[in-house]
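Given next are the chains, with one letter for each unit.
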Amino acid sequence: ARKPNIIIMLMDDMGWGDIGINGNWAKETPNIDQMAAEGTLFMDFYTANPLCSPSRAALMTGRLPIRNGFYSDNAHARNAYTPQTIVGGIHKSEVLLPELLKGAGYRSKIIGKWHLGHRQEFMPYNRGFDEFFGSGNCHFGPFDDVKTPNIPVYKNDKMVGRYYTNFTIEKQQGISNLTQIFIAEAMDFIKKEHEAGNPFFLYWTPDATHGPAYASTAFHGRSIRGTPYGDAVMELDHGVGVILNLLKSLDIHRDTFVFFTSDNGAATYRNAFAGNNGPFLCGKETTYEGGMREPGVAWWPGTIPSGVVTHQLGTIMDLFTTSLVLAGVKHPTDRIYDGIDLSPVLMDPGHDVIDRPVWYYRGNELMAVRVGSYKAHYWLWTEFGKDPLKFTFCPGQYVQNVTVHDQFNHTDQPVLFNIGRDPGEKYPIGPKSAEYKTAMKIISPIVADHRAKLVKGKPSLNYCDNAVQNWAPPGCEELGYCLPIPKSNPKLCYWDH
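Each chain has its residues counted from 1, running along the sequence as written. Totals for whole chains, interfaces and linings use every residue, but because this is a predicted model, local features are given only for residues with pLDDT of at least 70 and side-chain atom pairs only at 80 or more, for both listing and counting. Only heavy atoms go into the side-chain values, all of them from the structure, while hydrogens and water stay out.

Draft legend 1. Highlighting the packing of helix α5 (residues 178-196) against helix α6 (residues 228-249). Whenever a helix is involved, its axis is fitted only over the stretch in contact; in every case the axis is a line through C-alpha atoms, and angles between N-to-C directions fall within 0 to 180 degrees. A run of H or I in DSSP counts as a helix once it spans at least four residues, and a run of E counts as a strand once it spans at least two, with each numbered from the N terminus. At a closest axis distance of 10 Å, the pairing of α5 and α6 adopts a crossing angle of 15°. Classed by the angle they form, the pair α5 and α6 counts as roughly parallel. By crossing handedness, the relation of α5 to α6 is classed as right-handed. Along the contact surface, α5 presents T179, Q180, I183, A186, M187, I190 and K191, while α6 presents E235, L236, H238, G239, V242, I243, L246 and L247. Across the contact of α5 with α6, the residue classes tally to nine nonpolar, four polar and two charged. The scheme is simple: roughly parallel for angles under 35 degrees, roughly antiparallel for over 145, roughly perpendicular for 65 to 115, oblique for anything else. Whether a crossing is left-handed or right-handed is set by the direction in which the near helix is turned from the far one by less than a right angle, anticlockwise for left-handed and clockwise for right-handed. Contact criterion: two residues are considered in contact whenever any of their non-hydrogen atoms come within 4.5 Å of each other. Throughout this entry, Asp, Glu, Lys and Arg are counted as charged residues, while Ala, Val, Leu, Ile, Met, Phe, Trp, Tyr, Cys and Pro are counted as nonpolar. The remaining residues, Gly among them, count as polar.

See the structure below:
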């Protein structure tokens, strides 16, 4: 049988409640909603971490960040990521999805944000991808090119310019043509590999919804939300439609598995300029539902039945495992994988839900676990702060003893919610109740087993150094845009949340 093409569409800081089919009031995602109508909508799909870099590392490796090393132990339960100053990146010992698919004859391309380390050995072209258009970092800036270099945009293994100076982003207005470039790159790759008769893996990861959000002039000011974020969502939705329509016009839609999701919850700290996490508590940076539950849409006409809504618990790591199964590739057997194969549930809506836990890690700490409809918090912490009623990561939300400014260890008596009936984590179940005791009897041994078998990866995100910023990336000579590299002075990174 022909190996299916695989497309993973990973949005950036897009919340569960940002798509129309999940109830967004603006109803500005007709293409994503149509994709769900033609496929399967996951109501309970999760990322592996409430922050960009570790969740992407989990997707590429099929393993929790605590196992693949994408965390820091400089301080307890802190979110770490890959700014320009980060020394580390994805470990050589981790085997990435494109590396495994290559063995089955797949051609692969990443378009957009990589975020698994921007030093050469960590970049996509050295980690299994055949092609790359995008950046190793987020589109922060503009910088002065003296204290901080502007971030390079790459075509394959060479930079072709930098954000702001060569690839314009008008921050104040929220205008940039980058999403259009990312859409065009996707179309070119799909057409080229289809004509060559190759199965392909496209990892489409535009970051327009990450602050500072942007859209092209064609979408600028169109969203009813009246924010650059809303405009960005509309343009990304348009991109989804363009890509799916191209598959149909090439008549390869029946040979292509597509999955749409996001790297973490909406960045609620951007207040009215952020995305939307639906009925869930808080957002990005936190291990409440708002930080970890994501949109999830699977599409493969003729193989995945249309119009299905599933309550199967899914995670971003399942995309690794499911993709390998569909491609007929086995992953290494010398390590624990956290992803499961979702294809039985996707192909047969009558299939029993696969029983599996969802782990909520923040840095080096297991904060919570979900088993069935129950979620047990072993640690609670929102953010540092003074005002007991005010939370940057949960604007307008306060749940007594649940949203907290100090790190509280509840390991001896976890704080338990039934998130089937209480998705907003507002009503803890009384520890003396029969319901609490019955649920914890099931959850406790699962957690004990997880802890006993856990082999932590060596942390990649402990050290920062000004000298490793993007001063002189490959290709800068041709552009006459190399910057002087300062003296190396590695220090422990400070992660404040």
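Draft legend 2. Just the environment of C482, in detail. Mapped onto the elements of the fold, C482 is located in the loop between α11 (476-479) and β21 (491-492). Along the backbone, C482 and P332 are 150 residues apart, and their C-alpha atoms lie at a distance of 40 Å. Non-local contacts of C482, meaning those with residues more than four positions away in its chain, are made with W471, A472, C476 and E477.

Draft legend 3. The pattern of salt bridges, seen in detail. By salt bridge we mean one thing: a side-chain nitrogen of Lys or Arg within 4 Å of a carboxyl oxygen of Asp or Glu. Scanning the entire structure with this criterion turns up 27 salt bridges. R356 is the salt-bridge partner of D318, the closest N and O atoms lying 2.7 Å from each other. Of this pair, D318 sits in helix α8 (residues 316-327) while R356 sits in the loop between α9 (343-347) and β14 (358-362), and the two are 38 residues apart along the sequence. Taken individually, D318 and R356 each receive the classification buried, so the pair is uniform in this respect. Its salt-bridge partner being E435, residue R421 comes within 2.8 Å of it at the nearest N-O pair. In this pair, R421 sits in the loop between β19 (415-418) and α10 (434-453) while E435 sits in helix α10, placing the two residues 14 residues apart along the sequence. Three or more residues are tied together by salt bridges with common partners; here these are K102, R107, K109, D130, E131, E185, K192 and E193. Classification of residues uses two cut-offs on accessible area relative to the type maximum, computed with a 1.4 Å probe and protein chains only: under 20% is buried, over 50% is exposed, and between them is partly exposed.

Draft legend 4. Fine view of unusual backbone geometry. Here the residue pair G141 and P142 is connected by a cis peptide bond, since its omega of -10° sits within 30 degrees of zero. Relative to the helices and strands, P142 is located in the loop between β4 (131-135) and β5 (152-155). Omega for the peptide link from G211 to P212 comes to -5°, which places this bond in the cis form. Its identity as a non-glycine residue notwithstanding, D13 has a phi of 60°, on the positive side. Relative to the assigned elements, D13 resides in the loop between β1 (5-11) and α1 (30-37). A relative accessible area of 2% means that D13 is categorised as buried. Even without glycine at this site, H115 takes up a positive phi of about 75°. Note on placement: H115 falls in the loop between β3 (107-113) and β4. Owing to a relative accessible area of 2%, H115 belongs among the buried residues under this scheme.

Draft legend 5. The arrangement of the side chain of T205 in detail. Among the secondary structure elements, T205 is positioned in strand β9 (residues 200-205). Using a relative accessible area of 0% as the deciding quantity, one classes T205 as buried. Definition of a polar contact: a pair of N or O atoms within 3.5 Å, with one able to donate and the other able to accept a hydrogen when the atoms are protein atoms, and with sequence-neighbouring residues admitted only if both atoms are side-chain atoms. Among the polar contacts listed, one links the side chain of T205 to the side chain of R56, at a separation of 2.7 Å.

Draft legend 6. Expanded view of the packing of α1 against α6. Two elements in contact, α1 and α6, have axes whose closest approach is 7 Å; the angle formed by their N-to-C orientations is 50°. If you check the angle between α1 and α6, you find them oblique. Between α1, through P30, N31, I32 and M35, and α6, the contact on the second element is made entirely by D237, H238, V240, G241 and L244.

Draft legend 7. Quick look at the sheet that holds strand β16 (residues 374-377). Two strands are said to pair when DSSP picks up at least two bridges between them. Read from one edge of the open sheet, four strands run β14-β15-β16-β19, paired in antiparallel fashion. For this open sheet the edge positions go to β14 and β19, each flanked by a neighbour on one side alone. Pairs of neighbouring strands in the sheet enclose a mean axial angle of 20°, with direction left out of account. Two strands pair when backbone bridges link them, and β16 and β19 are joined in this way by four bridges, in the antiparallel orientation. Looking at β19, one finds that A376 is bridged to L416. Across the face of the sheet, α10 comes into contact with β14, β15 (365-371), β16 and β19 while running at roughly 130° to β15.

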